[in-house]
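# Inside the fold
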Amino acid sequence: MPFKANAARRHHIPKQKHRVTNWAEYDAGLRARGSLTVWFTPEAVEAWRAEPRIGRGGQPAYSALAIATALTLRAVFRLALRQTEGLIASILQLLGLDLPVPDHSTLSRRAEVLEVPQLRAGSAPVHLLVDSTGLRLCGPGGWLEEKHGSKRCRAWRVLHLATDADTGHIAASALTDKEVDDGSQVGRLLGQVDGPVASVTGDGAYDRNDVYAEVAARHPEAAVIVPPRASAVPSDAAETTPTQRDAHLRSIAKRGRMGWQRASGYNIRALVKADIWRWKRVMGDGLRARTDGRQATEVAIAAGVLNRMLDLGRPNYVRIT
């Protein structure tokens, strides 16, 4: 891609500068993200205890709402499970609520099978921006690697995100092993989006036939905005029935890659990069859970937390240079 392949020749291009036009509202939203103001509605208090189970087995003491509330506070403040138990107990005590507190063992066990509400995209049709990043599981930290060198392999999981280009919200997420490629997860991400999709935009890793086929099968009218590889050639039917990829190749041959990016709207893909940066700054660059089920729950809750934080205030900016 141009920004990587030509990085050595781009040093003379000045970096863009922007000015936030709604700083007062955005600043208030940033402060609200760290607010400890917590309240329980009567409906939440009523739904805190689990409903009786009809089948065989022990009766659950806490509803899914109680477990999700505790795990959400854990994600926001980056707490261990025992500290999360203490935080919930102190909040209920301050509010004067006579509700049971889930212990750390219950939180860990229920997180394995907790059903987190599905993320909601903005107004339809949705313009999706897809990308992936690595989340650390375990291994030496940066200081140990720099001082002593890496002596053992670091474990990673891959986080796949789909961002709504209109709202900046995370519309879908998936967590896989590091051996799984990006393109294979497009169908899984599209399956989490309700309603029509207008376009899917991704980097060169999504330049695959199965990505185009998956998008066409689920949303026939959706555009796929993916830069073809440098060695890409037109299809055999490019002259009679050109595909979307053939149209991209023609546009690149006519305008150049930078011109194609501006004409196709590819540059808006930076929004999903911003979501990845926000995730690692707010939620951290690693996973606390150790099993697949708990990790999936942790990722789903973290995505919902970031969307709520974005609702508190989003910057509006204009380019000044």
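None of these values were measured; they are calculated from a predicted model.

What counts as what
Residues numbered from 1 in each chain as written. Predicted model: local features only at pLDDT ≥ 70, side-chain atom pairs only at ≥ 80, totals over all residues. Heavy atoms only, no water. Salt bridge = Lys/Arg side-chain N within 4 Å of Asp/Glu carboxyl O. Helix = DSSP H or I, 4+ residues; strand = E, 2+ residues; numbered from the N terminus. Buried < 20%, exposed > 50% of the residue type's maximum accessible area, 1.4 Å probe, protein only. Core = buried A, V, L, I, M, F, W, Y, C linked by side-chain atoms within 4.5 Å. Contact = heavy atoms within 4.5 Å. Axes fitted to C-alpha atoms, helices over the stretch in contact; angles between N-to-C directions. Parallel < 35°, antiparallel > 145°, perpendicular 65-115°, else oblique. Nonpolar A, V, L, I, M, F, W, Y, C, P; charged D, E, K, R; others polar. Expected span 1.5 Å × (residues − 1). Arc of directions from axis to C-beta.

### Points about the pattern of salt bridges
Per the counting criterion, the structure on display carries 15 salt bridges. The salt bridge involving Arg269 is made with Asp203; its shortest N-O contact spans 3.9 Å. Linking Arg269 in the loop between α10 (244–264) and α11 (270–282) with Asp203 in the loop between β5 (197–201) and α9 (209–218), this pair joins segments that are 66 residues apart in sequence. Put simply, Asp275 and Arg278 hold a salt bridge, and the shortest N to O gap is 2.3 Å. With Asp275 and Arg278 both in helix α11 and 3 residues apart, this pair spans about one turn of that helix. By relative accessible area, which is 2% here, Asp275 ends up buried. Residue Arg278 is classed as buried on the basis of its relative accessible area of 19%.

### Side note on the nonpolar core
Within the largest apolar cluster, 40 residues are counted, with the highest numbers of intra-cluster contacts made by Trp48, Leu71, Leu159, Leu161, Ile170, Trp279 and Met283. Counting residues per element, this core draws most heavily on helix α12 (residues 292–312), at 7 residues. Once you skip the residues sitting within four places of it in the chain, Trp279 turns out to touch Leu135, Leu159, Leu161, Ile170, Gly284, Val299, Ala302, Ala303 and Leu306.

### Some words on the side chain of Glu298
Along the chain, Glu298 turns up in helix α12. In this structure Glu298 comes out as buried when scored by relative accessible area, which is 15%. Once residues within four sequence positions are removed from consideration, Glu298 is found in contact with Gly286, Leu287, Arg288 and Ala289.

### Points about the packing of helix α6 (residues 104–111) against α12
One way to put it is that α6 packs onto α12 with a least axis distance of 8 Å and a crossing angle of 90 degrees. On the basis of their axis angle, the class for α6 and α12 is roughly perpendicular. Within the contact between the two elements, α6 uses Ser108, Arg109 and Ala111 and α12 uses Gly293, Arg294 and Thr297. Considering only residue class, the contact of α6 with α12 consists of 1 nonpolar, 3 polar and 2 charged.

### Considerations on helix α5 (residues 81–95)
In this model, α5 (15 residues) spans 21 Å end to end at C-alpha, consistent with the 21 Å of a helix rising 1.5 Å per residue. Along α5, the positions that sit buried rather than exposed are Leu81, Thr84, Leu87, Ile88, Ile91 and Leu92. The buried side chains of α5 occupy one side of the element, clustering within an arc of 130 degrees when seen end-on. Seen from the open side of α5, the exposed residues pointing more than 90 degrees away from its buried face are Arg82, Gln93 and Leu94.

### So, the environment of Leu144
By the secondary structure assignment, Leu144 is in helix α7 (residues 142–148). A sequence separation of 60 residues divides Leu144 from Thr84, and the C-alpha atoms of the two residues are 29 Å apart.

### Examining the side chain of Asp131
Position of Asp131 relative to the elements: it lies in strand β2 (residues 126–138). Relative accessible area serves as the criterion here: at 2%, Asp131 is assigned to the buried category. Contact partners of Asp131, with chain neighbours within four places excluded, come to Leu159, His160, Leu161, Asp203, Tyr206, Arg269, Val272, Lys273 and Ile276.

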